[in-house]
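# Observations on the three-dimensional arrangement
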Amino acid sequence: MRPDRFTDSHVLIFGGNSGIGLAAARAFKAEGARLTLTGRDQITLDEAAKELGALALRSDMAKPAESKAAVAAGVAKHGAIDVVLVNAGIGGFSGVAELTEEFWDGVHGVNLRGAFFAAQAALPHLKDGGAIVFTGSVGSIMALPGNAAYAAAKAGLRAAARIFAAELLPRGIRVNVVSPGPTETPLFNRNVGMGPEGVEALRREIRAAVPMKRIAEAEEVAAAVLFLASREASYINGVDLFVDGGCVEL
Ligand SMILES: NC(=O)c1ccc[n+]([C@@H]2O[C@H](COP(=O)([O-])OP(=O)(O)OC[C@H]3O[C@@H](n4cnc5c(N)ncnc54)[C@H](OP(=O)(O)O)[C@@H]3O)[C@@H](O)[C@H]2O)c1
């Protein structure tokens, strides 16, 4: 922790009430940030608001108008934005033969379309010299059976992030992606299309497959987010930083 990195910064986190987003929120707060968080679950939003003194807003990232409203509320409370973390995302497993249009649209509506328009909504209120970090996934480059919709959404997000980076250069806004490997968060237990036994079997398979033989803690991913959002990363733009225990080398 470096207390000076985010002192008095306004950090907006889409998907900040659980898992990686909550770990990042705690870390930003510990380094002095004022927080606006979004999510869907009122209970964990209230808990995050209480714990972190954050403005925690119920806002569905699949609905760009709600992301816009969350940005406006955050700016009204905390002023112009220094850092945006577009982290909200859902899992989703389905083999290609069975994958339905509804399933595809559900995953893409949040993980790609929703993420794109959330970042876009923040642009008019993001300070020049600020930073955007998107949460991608190592799944975007892995041929994991059943992961087509999710992988395609995260690969698309990475592509869009690079265009954000290029277009925002004149404003000095850096845009990067942090791509986690398997990380121990509630997401594991809410993988759409997979029951509890399926999730446990997936955990075992993952531990065996990851070169470091373990699943990451959310804080390990959050640390990379804070680095890319900070001035320490002042010459880093448009990268996709894998925090994945070495999976990218597989
Ligand atoms: N865990 C992993 O192994 C892993 C690996 C690679 C990438 N990722 C990515 O990391 C990011 C964070 O996931 P996580 O593992 O921390 O999972 P998580 O604990 O389930 O957190 C997901 C976050 O996104 C929010 N969210 C989901 N759908 C939303 C929507 N429609 N509108 C607004 N907020 C929404 C959730 O809010 P609610 O709780 O209120 O719904 C929550 O804050 C995701 O983008 C995920 O794809 C995770």
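For clarity, every value in this text was computed on a predicted model and none was experimentally measured.

The rules behind each value
- Residues numbered from 1 in each chain as written.
- Predicted model: local features only at pLDDT ≥ 70, side-chain atom pairs only at ≥ 80, totals over all residues.
- Axes fitted to C-alpha atoms, helices over the stretch in contact; angles between N-to-C directions.
- Helix = DSSP H or I, 4+ residues; strand = E, 2+ residues; numbered from the N terminus.
- Parallel < 35°, antiparallel > 145°, perpendicular 65-115°, else oblique.
- Left-handed = near helix turned anticlockwise from the far one by under 90°.
- Contact = placed C-beta atoms within 7 Å.
- Nonpolar A, V, L, I, M, F, W, Y, C, P; charged D, E, K, R; others polar.
- Near = placed C-beta within 6 Å.
- Core = buried A, V, L, I, M, F, W, Y, C linked by C-beta atoms within 7 Å.
- Buried ≥ 20, exposed ≤ 12 C-beta atoms within 10 Å, placed from the backbone.
- Pairing = 2+ DSSP bridges.
- Arc of directions from axis to C-beta.
- Expected span 1.5 Å × (residues − 1).
- Bend = angle between axes of the 7 residues up to and from the residue.

## As for the packing of helix H1 (residues 19-30) against helix H7 (residues 218-229)
- Relative to each other, H1 and H7 sit at 60°, their axes nearing to 8 Å. Considering the angle they form, H1 stands oblique to H7. Every pair of crossing elements has a handedness; the one defined by H1 and H7 is right-handed. Between H1 and H7, the residues in contact are Gly 19, Ile 20, Ala 23, Ala 24, Ala 27 and Phe 28 and Ala 218, Glu 219, Val 221, Ala 222, Ala 223, Val 225 and Leu 226, respectively.
- Of the residues assigned to the contact of H1 with H7, the class counts are eleven nonpolar, one polar and one charged.

## Focus: the site of the ligand
- Near the ligand lie 29 residues; those nearest to it are Gly 15, Gly 19, Gly 39, Gly 89 and Leu 187.
- Among the secondary structure elements, those contributing two or more residues to the shell around the ligand are H1 and strand E2 (34-39).
- At three residues, H1 tops the list of elements feeding residues into the shell around the ligand.
- Looking at side-chain class alone, the shell around the ligand contains ten nonpolar, 15 polar and four charged residues.

## Observations regarding the nonpolar core
- Grouped together as the largest cluster of nonpolar side chains are 71 residues, with contacts concentrated most on Ala 24, Ala 25, Leu 35, Val 84, Leu 85, Ile 132 and Val 225.
- Residues in contact with Ile 132, not counting those within four places in the same chain, are Val 84, Val 86, Ala 119, Phe 164, Ile 173 and Val 175.

## A word on the sheet that holds strand E5 (residues 126-135)
- Spatially, E3-E2-E1-E4-E5-E6-E9 is the arrangement adopted by the seven strands of the open sheet, whose pairing is parallel. Lying at the two open borders of the sheet, with one neighbouring strand each, are strand E3 (55-58) and strand E9 (240-243). When the angles between neighbouring strand axes are averaged without regard to direction, this sheet yields 15°.
- Relative to E3, E2 runs parallel, the two sharing four bridges. Opposite Thr 38, over in E3, you have Leu 57 as the bridge partner.
- The sheet contacts of H7 involve strand E4 (81-86), E5, strand E6 (174-180) and E9, and relative to E6 the element is tilted by about 170°.

## Section: helix H2 (residues 42-52)
- Taken together, the buried positions of H2 are Leu 45, Ala 48 and Leu 52. The buried residues of H2 occupy one face: seen down the axis, they fall within an arc of 65°. With respect to the buried face of H2, the exposed residues turned more than 90 degrees away are Gln 42, Ile 43 and Lys 50.
- Here the buried face of H2 lies against H1, E2 and E3.
- Just downstream of H2 lies Gly 53, where phi reads positive at about 60°.

## Here's the deal with helix H4 (residues 101-122)
- Taking 1.5 Å as the rise per residue, H4 with 22 residues should run 32 Å; its terminal C-alpha atoms sit 29 Å apart, in good agreement.
- The sharpest bend along H4 measures roughly 50° and falls at Gly 109.
- Of the residues making up H4, those classed as buried are Val 107, His 108, Val 110, Asn 111, Leu 112, Gly 114, Ala 115, Phe 116, Ala 118, Ala 119, Ala 121 and Ala 122.
- In this structure, the buried side of H4 is in contact with strand E1 (10-14), helix H3 (64-78), E4, E5 and helix H5 (148-168).

## As for unusual backbone geometry
- The backbone phi angle of Asp 8 is positive, close to 65°, even though this residue is not glycine.
- The residue Asp 8 is located in the segment before E1 in this model.
- Of note, Lys 213 is a non-glycine position whose phi angle comes to about 60°, a positive value.
- Secondary-structure assignment places Lys 213 in the loop between helix H6 (196-209) and strand E8 (216-217).
- Classification of Lys 213 by C-beta neighbours within 10 Å gives exposed; the count is 11.

## Digging into the environment of Arg 113
- Inspection of the secondary structure assignment puts Arg 113 in helix H4.
- Taking the number of C-beta atoms within 10 Å as the measure of exposure, Arg 113 has 19 and is therefore partly exposed.
- As for Arg 113 and Val 11, which are separated by 102 residues in sequence, their C-alpha atoms are 22 Å apart.

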